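Chain by chain, the residues:
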Amino acid sequence: MTSLPPTLVVGCGLIGTSVALALREHGIDVHLRDRDPEHVAAAVERGAGSAEPVHDPALVVVAVPPRATAAAVREALETYPAAVVTDVASVKGSVARDVAGGAGLDRYVGSHPMAGSERSGPLAASARLFEGRPWVITPAAGATDAAVRLVEEVAVMLGAVPTVMDADTHDRAVALVSHVPQVLSTLTAARLVDAPPAHLALAGQGLRDVTRVAGSDPALWRDIITTNAEEIGAVLTAVRDDLDTLIDALRDRDVVGGVLEAGRVGTRAIPGKHGGEPVELVVVNVQVPDTPGALSRLFAHVGESGVNIEDLRIDHELGRPVGLVEIAVAADRADELVARLTERAWSAYR
Ligand SMILES: NC(=O)C1=CN([C@@H]2O[C@H](COP(=O)(O)OP(=O)(O)OC[C@H]3O[C@@H](n4cnc5c(N)ncnc54)[C@H](O)[C@@H]3O)[C@@H](O)[C@H]2O)C=CC1
Ligand SMILES: O=C(O)C(=O)Cc1ccc(O)cc1
């Protein structure tokens, strides 16, 4: 790796502190800055770096909200004339347009790690956050090869997989795979605000799956949606057309069946584990007593069956001290797993 120290991270929230923690694990001298001194203090406390000013950083990572990003990038390019500057904002076109015309743009390389969570702030950070995740790099035409290479090297160092694309293509892609799913999750959750408690009591895992990201930070998402409005608007317009079609034909079995089938085909398009080919999975449900050691016995028996656990989730039964463990396995191994677990006296079904 190119020699990197020292590095300045501007913005000690979820992403900035995660970057800083991971860089520290590689022995890099990391300096931290945030407009909120409590966030700097919390990040320092977690071992993410030093609050001391830095004089001549080789790299500046800007990890502030999207609408504050361009100004922070411009300031870093001006203040540190030898530094490569990258940012991690979720929208790339608006940042590129807002920094254009400024000084030192040959040292600016936009980027976006496709990793995060619905939580924010330094306490939610993790050095492992980026491992195995795509890290999009969106160099403008004027960026030097050395600057692009440095940002790619940092992404690799943090365990991510760098992918180069232009900013507009990035914004179109994330509108589809990240921003519109967030909006639809939010709209679904918003319908629940005035729902009768007796109705909400019936909620199951499906509702929790669909609304998980609706719990994300509204301030961050207000920035993301308003700065990627055009691309998000294009996808939402298509969704609106689909909704109109569906609403007009809710009693038509063919139309409803077509909509449902299209959704099923869509889920198969999502890349599988480790970015591989999508694999058809089937969930095997197993009832497990909510007691110490029960899960380790179950996993030992799954291990003995020779069937690989592709994914896993635990739900809880209403009013009974029983967990429902949902084990996703390759579709052609599910019956075998049910049989092996039933032999071992588990209540298992698919
Ligand atoms: N949350 C997520 O899952 C992901 C977020 N991103 C991007 O990362 C960036 C940071 O997001 P998070 O870490 O989630 O947000 P966060 O809210 O956890 O952290 C943002 C930090 O920036 C600080 N800040 C705000 N304005 C500032 C300014 N002008 N100068 C210095 N510090 C400032 C805040 O005090 C806060 O500590 C955003 O641009 C976001 O789009 C990228 C990938 C995933
Ligand atoms: O929590 C999830 O599933 C996410 O997809 C998190 C996320 C949020 C914002 C980004 O720009 C990238 C990733």
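- An unreviewed UniProt entry lists the protein under the name Prephenate dehydrogenase, with Aeromicrobium erythreum as the source organism.

## A few points about the site of ligand 1
Piece 1. Around ligand 1 sit 25 residues in total, of which Asp34, His39, Val64, Ser90 and Gly121 are the nearest.
Piece 2. One nitrogen or oxygen atom from the main chain of leucine 14 is found 2.9 Å from an oxygen atom belonging to ligand 1.
Piece 3. Within the backbone of valine 64, one N or O atom sits 2.7 Å away from an oxygen atom of ligand 1.
Piece 4. Protein chains shield 86% of the accessible area of ligand 1, which is 820 Å² for the free molecule.
Piece 5. For the shell around ligand 1, the secondary-structure elements that each account for two or more residues are helix H1 (14-25), helix H3 (66-79) and strand E5 (108-113).

## A look at the nonpolar core
Piece 1. Ranked by size, the top nonpolar core spans 39 residues in total, and within it Val19, Leu23, Leu32, Phe130, Trp135 and Leu158 carry the most contacts.
Piece 2. Contributions of two or more residues to this core are made by H1, strand E2 (30-33), helix H2 (37-45), strand E3 (59-62), strand E6 (134-138) and helix H5 (145-157).
Piece 3. Listed in part, the 18 residues of the second largest apolar core include Val10, Ala72, Ala89 and Tyr108.

## Side note on the site of ligand 2
Piece 1. Around ligand 2, the neighbouring residues are Ser90, His112, Gly116, Ser117, Arg212 and Trp221.
Piece 2. Arginine 212 places a polar side-chain atom, nitrogen or oxygen, 2.9 Å from an oxygen atom of ligand 2.
Piece 3. When ligand 2 is considered free in solution it has 340 Å² of accessible area, and contact with the protein chains removes 76% of it.
Piece 4. For the shell around ligand 2, a count of residues per class yields one nonpolar, four polar and one charged.

Calculation rules
Residues numbered from 1 in each chain as written. Chains lettered and ligands numbered in written order. Predicted model: local features only at pLDDT ≥ 70, side-chain atom pairs only at ≥ 80, totals over all residues. Heavy atoms only, no water. Near = heavy atom within 4 Å. Polar contact = N/O pair within 3.5 Å; in protein donor to acceptor, adjacent residues only side chain to side chain. Areas by Shrake-Rupley, 256 points an atom, 1.4 Å probe, with all protein chains shown as cover. Helix = DSSP H or I, 4+ residues; strand = E, 2+ residues; numbered from the N terminus. Core = buried A, V, L, I, M, F, W, Y, C linked by side-chain atoms within 4.5 Å. Buried < 20%, exposed > 50% of the residue type's maximum accessible area, 1.4 Å probe, protein only. Nonpolar A, V, L, I, M, F, W, Y, C, P; charged D, E, K, R; others polar.

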